[in-house]
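Summary of the model geometry
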Amino acid sequence: MTDLVIGADGLARCAWGASTPDYAVYHDLEWGRQLRGDDALYERMTLEAFQSGLSWLTILRKRPAFRLAFDDFRIEAVAGYGESDVARLLADAGIVRNRAKIEAAIANARAALELPEGLSALLWSYAPPSRVARPESFAQVPALTAESTTLAKALKKRGFRFVGPTTAYALMQATGMVDDHLTGCHRTPAGPA
């Protein structure tokens, strides 16, 4: 498989974005677009943490159930969750039932509420400068960067969990803080969704 694929619609896509219809929609409409807003970024952070050790496709397909289970990822609502909510979430077959990740999602909502500048401002303050050119191949796309490592440390210092440097970089990619679409991909450079 090459790193860039021409789809049945004639559009060039990053190869992963052409591998399934779910990925094609996500690649074309969401991945790499600038996303702002505390609740929206909290959702992405939470889903990236749940993805740890799993396929992103699994998380993407379970996202509607996650949204329902986690009150549409409204930080204030999730921050108020207690042990009965943890039990409810552990019993929900529609989501990934992992106690550590569920408890991290709640702890992260509480930590987000404590940020004077808000989650969106904090995350975006670690976005690296835009690249001069997109990567030519996935071999040029890092798993983590100095910025994602610094962001992960800043988040952990503020009480966030399941936000290591690799997860932080995946969040940066997904939310348009970096543009890792390959040269030749039909997606225009990262801009607001």
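One structure accompanies this document, and this report is about it. (Residues numbered from 1 in each chain as written. Predicted model: local features only at pLDDT ≥ 70, side-chain atom pairs only at ≥ 80, totals over all residues. Heavy atoms only, no water.)

**Let's talk about the overall build of the protein chain**
What counts here: Starting at the N terminus, helices and strands are each numbered in turn, a helix being any DSSP run of H or I of at least four residues and a strand any DSSP run of E of at least two. In this treatment the radius of gyration is a C-alpha quantity, and the globule benchmark scales as 2.2 Å times the residue count to the 0.38 power. The rule is simple: take the accessible area with a 1.4 Å probe, protein chains only, and divide by the maximum for that residue type; under 20% is buried, over 50% is exposed, in between is partly exposed.
The helix and strand inventory of the protein chain stands at nine helices and two strands. Secondary structure elements of the protein chain, listed N to C terminal, follow the sequence β-β-α-α-α-α-α-α-α-α-α. For 193 residues, the compact-globule estimate of 2.2 N^0.38 gives 16 Å, and the C-alpha radius of gyration of the protein chain, at 17 Å, lies within 12% of that figure. Once the C-alpha set of the protein chain is aligned to its principal axes, its extents read approximately 50 × 35 × 25 Å. Taking all 193 residues of the protein chain together, 48% fall into the buried category.

**Focus: the packing of helix α2 (residues 38–51) against helix α6 (residues 99–113)**
Definition in use: Angles here are taken between N-to-C directions and fall from 0 to 180 degrees, while the axes themselves are lines fitted to C-alpha atoms, restricted in helices to the stretch in contact. Should an angle lie under 35 degrees it is considered roughly parallel, over 145 roughly antiparallel, and from 65 to 115 roughly perpendicular; all remaining angles are considered oblique. Crossing handedness: left-handed means the near helix sits turned counterclockwise from the far one by under a right angle, and right-handed means the same turn made clockwise. In what follows, a contact means two residues having at least one pair of non-hydrogen atoms within 4.5 Å. In this classification, the charged set is Asp, Glu, Lys and Arg, the nonpolar set is Ala, Val, Leu, Ile, Met, Phe, Trp, Tyr, Cys and Pro, and all remaining amino acids, among them Gly, are polar.
Relative to each other, α2 and α6 sit at 155 degrees, their axes nearing to 10 Å. With respect to α6, the axis of α2 lies roughly antiparallel. Considering only the axes of α2 and α6, their crossing is right-handed. Together, Tyr42, Met45, Thr46, Ala49, Phe50 and Gln51 of α2 and Lys101, Ile102, Ala105, Ile106, Asn108 and Ala109 of α6 make up the contact between the two elements. Here the residues of the contact of α2 with α6 sort into eight nonpolar, three polar and one charged.

**Looking at the side chain of Arg187**
Cut-off, in case you're wondering: Charged residues are defined narrowly, with Lys and Arg counted positive, Asp and Glu counted negative, and His plus the chain ends left uncounted. By definition, a salt bridge exists where a carboxyl oxygen of Asp or Glu is found within 4 Å of a side-chain nitrogen of Lys or Arg.
Looking at the element boundaries, Arg187 is found in the segment after α9 (165–174). Buried charge Arg187 goes without a salt bridge, the closest partner of opposite sign being Asp28 at 6.4 Å. In this structure Arg187 touches His27, Asp28, Glu30, Trp31, Gly32, Arg33, Arg134 and His181, once residues within four positions along its chain are discounted.

**Focus: the packing of α2 against helix α3 (residues 56–69)**
Where α2 meets α3, the axes come as close as 10 Å, and the angle between the chain directions of the two elements is 130 degrees. With respect to their mutual orientation, α2 and α3 come out oblique. Note on packing geometry: the crossing formed by α2 with α3 is right-handed. Two secondary-structure elements touch here, α2 through Glu43, Arg44, Leu47, Glu48, Phe50 and Gln51 and α3 through Trp56, Ile59, Arg63, Phe66 and Arg67. Each residue belonging to the contact of α2 with α3 can be placed in one class, and the counts come to five nonpolar, one polar and five charged.

**Description of the pattern of salt bridges**
For the structure on display, the rule yields 12 salt bridges. In this structure, Asp180 engages Arg131 in a salt bridge whose closest nitrogen and oxygen atoms are separated by 2.6 Å. Residue Asp180 is found in the segment after α9, and its partner Arg131 is found in the loop between α7 (119–124) and α8 (146–157); the two are separated by 49 residues along the sequence. Using a relative accessible area of 38% as the deciding quantity, one classes Arg131 as partly exposed. A network of salt bridges, in which partner residues are shared, links Asp9, Arg13 and Asp28.

**Some points on the environment of Tyr26**
Summarising the element assignment, Tyr26 is placed in helix α1 (residues 21–29). Of the residues examined, Tyr26 reaches a relative accessible area of 2% and is grouped as buried. Put simply, Tyr26 and Leu60 are 34 residues apart on the chain and 8.4 Å apart in space, counted from C-alpha to C-alpha. What Tyr26 contacts, discounting residues up to four positions off in sequence, is Trp16, Trp31, Arg44, Trp56, Leu60 and Ala174.

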